[in-house]
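Here is what each chain is made of, one letter per residue.
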Amino acid sequence: MDYDNILQNSMGMERTARTMVPEFQTLAPSQDGDDQSYDNVGLQAALQQSEALTVCPNCGSPMSEGSDFCESCHRYIKYDTCSFCGAALQGDEAYCPECGNPRGGIVCPRCNTMNEFAFCKQCGLPLTEEARQLMSQVRETPEYKHMQMLADQLSKLDMAVPLTSEAEVLHEEANRALRERVLKLLAEDRGESNPDIPELTSKRITQEEYNIRKRNIAEQLVEALEQMQTQQTEKPVEARNYAMAMKPAGLRLAWKCNYKHAIHSSPCGCAKPHLGGKWIILGQGSKPKIEDDNG
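Fair warning: this is a prediction, and the values are worked out from it, not measured in the lab.

Visitor: Where do I start with the environment of Ile-106 in this structure?
Guide: Inspection of the secondary structure puts Ile-106 in strand β5 (residues 106-107). A relative accessible area of 16% means that Ile-106 is categorised as buried. In sequence terms Ile-106 and Leu-127 are 21 residues apart; their C-alpha atoms lie 7.4 Å from each other.

Visitor: Sorry if this is basic, but what is going on with the pattern of salt bridges here?
Guide: Oppositely charged side chains can form a pair if their charged atoms are brought close together. Tallied over the full model, the rule gives 11 salt bridges. Measuring nitrogen to oxygen at the nearest pair gives 3.0 Å for the salt bridge that ties Asp-68 to Arg-240. Within this pair, whereas Asp-68 is found in the loop between β2 (62-64) and β3 (69-70), its partner Arg-240 is found in helix α7 (residues 236-245), the two being separated by 172 residues in sequence. You'll find Asp-68 and Arg-240 in the same group, each marked buried. Glu-226 serves as the salt-bridge partner of Lys-278, at 2.6 Å between the closest nitrogen and oxygen.

Visitor: What is the right way to look at the pairing of strand β7 (residues 253-257) in this model?
Guide: Each regular strand shows side chains that alternate between the opposite faces of the sheet. Counting buried residues in β7 gives five out of five residues, a clear majority hidden from the surface. A two-sided burial pattern is seen for β7, the buried positions comprising Leu-253, Trp-255 and Cys-257 on one face and Ala-254 and Lys-256 on the other. Pairing of β7 with strand β9 (residues 277-281) involves five bridges; the strand directions are antiparallel. Along β9, the bridge assignment pairs Ala-254 with Ile-280. Across two bridges, the pairing between β7 and strand β8 (residues 263-264) is antiparallel. Looking across to β8, one finds that Lys-256 is bridged to Ile-263.

Visitor: Just checking my understanding: could you explain helix α4 (residues 142-158) for this structure?
Guide: Helical geometry note: an α-helix holds 3.6 residues per turn, so side chains three or four residues apart project in the same direction. In this model, α4 (17 residues) spans 24 Å end to end at C-alpha, consistent with the 24 Å of a helix rising 1.5 Å per residue. Looking at α4, one finds that the buried residues are Tyr-144, Met-147, Gln-148, Leu-150, Ala-151, Leu-154, Ser-155 and Leu-157.

Visitor: In this structure, what is going on with the pairing of β9? I would like to understand it.
Guide: The buried fraction of β9 is high, at five of five residues. Here β9 shows a buried face lined by Gly-277, Trp-279 and Ile-281 and a second buried face lined by Lys-278 and Ile-280.

Visitor: Is there a simple way to think about the nonpolar core in this case?
Guide: Nonpolar side chains in soluble globular proteins tend to end up buried together. Ranked by size, the top nonpolar core spans 48 residues in total, and within it Phe-119, Met-147, Leu-221, Met-246 and Trp-279 carry the most contacts. In this structure, Cys-56, Met-63, Cys-73 and Ile-77 belong to the second largest nonpolar core, which totals five residues.

Visitor: Could you clarify how one ought to interpret the sheet that holds β9 in this entry?
Guide: Sheets are built from strands paired through backbone hydrogen bonds, the pairs being either parallel or antiparallel. The strand order across the open sheet formed by three strands is β8-β7-β9, and the pairing between neighbours is antiparallel. Two strands in the sheet have a free side with no partner beyond their single neighbour: β8 and β9.

Visitor: Would you mind going over the side chain of Ser-67 with me for this structure?
Guide: With respect to the helices and strands, the residue Ser-67 is situated in the loop between β2 and β3. There is a polar contact of 2.9 Å between the side chain of Ser-67 and the backbone oxygen of Ser-64. When neighbours within four sequence positions are excluded, Ser-67 is seen to be in contact with Ile-77, Ala-271 and Lys-272.

Visitor: Can you help me understand the packing of aromatic side chains in this one?
Guide: Pairs of aromatic rings are described using the distance from one ring centre to the other and the angle between the two planes. Summed over the entire model, instances satisfying the criterion amount to two aromatic pairs. Between the aromatic rings of Phe-69 and Phe-117, the centroid separation amounts to 6.0 Å while the plane-to-plane angle is 50°, which identifies the pairing as tilted. Taken together, the residues span a long stretch of sequence, with Phe-69 in strand β3 and Phe-117 in the loop between β6 (114-115) and α3 (129-138) at a distance of 48 residues. Take Phe-69: its relative accessible area is 1%, and that puts it in the buried class. Phe-117 sits in the buried class, given a relative accessible area of 4%. Plain terms: the ring middles of Tyr-76 and Phe-117 are 5.8 Å apart, the flat faces sit at 85° to each other, and that makes the pair edge-to-face.

Visitor: What exactly am I supposed to notice about the confidence of the model for the chain here?
Guide: Note: predicted coordinates in regions of low pLDDT should not be interpreted at a detailed level. Averaged over every residue, the pLDDT of the chain is 79; the share at 70 or more is 72%. Here residues 1-41 is modelled with pLDDT under 50, and outside its nearest four sequence neighbours on either side it reaches 82 contacts, counting other chains as well.

Visitor: Looking at this structure, I do not really get the packing of α4 against helix α6 (residues 207-227). What am I missing?
Guide: The description of two packed helices rests on the angle between their axes and on the distance between the axes. Close contact between α4 and α6 brings their axes to 9 Å; oriented N to C, the two are set at 150°. With respect to α6, the axis of α4 lies roughly antiparallel. Viewed along their axes, α4 and α6 form a crossing whose handedness is left-handed. Each of His-146, Met-147, Leu-150, Ala-151, Gln-153, Leu-154, Leu-157 and Asp-158 in α4 lies in contact with α6, whose residues at this interface are Tyr-210, Arg-213, Lys-214, Ile-217, Gln-220, Leu-221, Ala-224 and Leu-225. Looking at the contact of α4 with α6, its residues break down into 10 nonpolar, three polar and three charged.

Procedures and definitions
- Residue indices begin from 1 for each chain and proceed along its sequence in written order.
- Note on the predicted model: pLDDT of at least 70 is required for a residue's local features to be given, and 80 or more for side-chain atom pairs to be given and counted; whole-chain, interface and lining totals, by contrast, use all residues.
- Water and hydrogen atoms were dropped before computing side-chain values, which therefore reflect all heavy atoms in the structure.
- Segments assigned H or I by DSSP are reported as helices when at least four residues long, segments assigned E as strands when at least two residues long, and all are numbered from the N terminus.
- Exposure classes here rest on a 1.4 Å probe applied to the protein chains alone. A residue is buried below 20% of its type maximum, exposed above 50%, and partly exposed in between.
- The salt bridge definition used is simple: a Lys or Arg side-chain nitrogen within 4 Å of an Asp or Glu carboxyl oxygen.
- Two strands form a pair only when DSSP identifies at least two bridges running between them.
- Take the residue count of a helix, subtract one, and multiply by 1.5 Å to get its expected span.
- Residues grouped as a nonpolar core are buried Ala, Val, Leu, Ile, Met, Phe, Trp, Tyr and Cys residues, joined through side-chain atoms within 4.5 Å.
- Residues adjacent in sequence count toward polar contacts only when both atoms are side-chain atoms; beyond that, a polar contact is any pair of N or O atoms within 3.5 Å, and within protein one must be able to donate a hydrogen and the other to accept it.
- Residues are treated as being in contact if the distance between any of their heavy atoms lies within 4.5 Å.
- Stacked, tilted and edge-to-face are the three classes assigned to paired rings of Phe, Tyr and Trp, where Trp is represented by its six-membered ring and a pair needs centres within 6.5 Å; plane angles under 30 degrees give stacked, over 60 edge-to-face, the rest tilted.
- A residue's pLDDT is the confidence the predictor assigns to it, expressed on a 0 to 100 scale.
- Throughout, an axis means a line fitted to C-alpha atoms (over the contacting stretch in the case of helices), and angles, computed between N-to-C directions, take values from 0 to 180 degrees.
- Each angle gets one of four labels, with under 35 degrees taken as roughly parallel, over 145 as roughly antiparallel, 65 to 115 as roughly perpendicular, and the rest as oblique.
- By the definition used in this description, the sense in which the near helix is turned from the far one sets the handedness, with an anticlockwise turn below a right angle giving left-handed and a clockwise turn giving right-handed.
- Amino acid classes used here: Ala, Val, Leu, Ile, Met, Phe, Trp, Tyr, Cys and Pro are nonpolar; Asp, Glu, Lys and Arg are charged; the rest, including Gly, are polar.

So this is what it looks like as structure tokens:
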């Protein structure tokens, strides 16, 4: 089994679209051939059967009660709650009286993206002092350090160029033998009869060893991501901020929510992040259907 399939199978990128909401039924795949795409009409019908619906005050699209974000127009819609810290808002304040952040959003100084949340949905940069403190606290935990260590190992391995043919292996061995012979001749010229030639450890590995290492690291990282996943909480803002703070760096990731088991680019695109979710790794060549706030 190859690496990408292991990642997809282990991290739950299944061919079903289940939900944590009671009475939801499995939806049939769409007819467009994409096994990660699902019939939006069927999903909407399931929502109507199992949840009380309201409409988005911004675009009028149907949405589940309790949502603070519209996945149709990609806007934060809970105007009585600060999107950055979760504090209650009384009127038309331009700034949150609790955290002082503007209600209209913050432009990320790194990638110039407008954000309604404490972390940039595009590059993950913490945009508020509270977000920076939360990220610092999370990243000092042993669980995060272990997870990031595995992420670094996987990123480093991804940059390796394995020996993919028998000819390359033989060429590598010939170069090693030539090096040893040259160093031995030079030592003999200096009068050393039994020179100690230091062994050269090649940075290149065979394709088989590459696959084994990658599979082992990936499996450990999947387990670490499972342990660090966002649990169900009362406040969407807190869940969203925690998920962004514990995102490991250096990997192609997406966020899978417990609300509809949808795949988002981040929890910033989920209507109910407080139901929990987790970061998953996107393997090379994988094309999951991402339903997020890219609009």
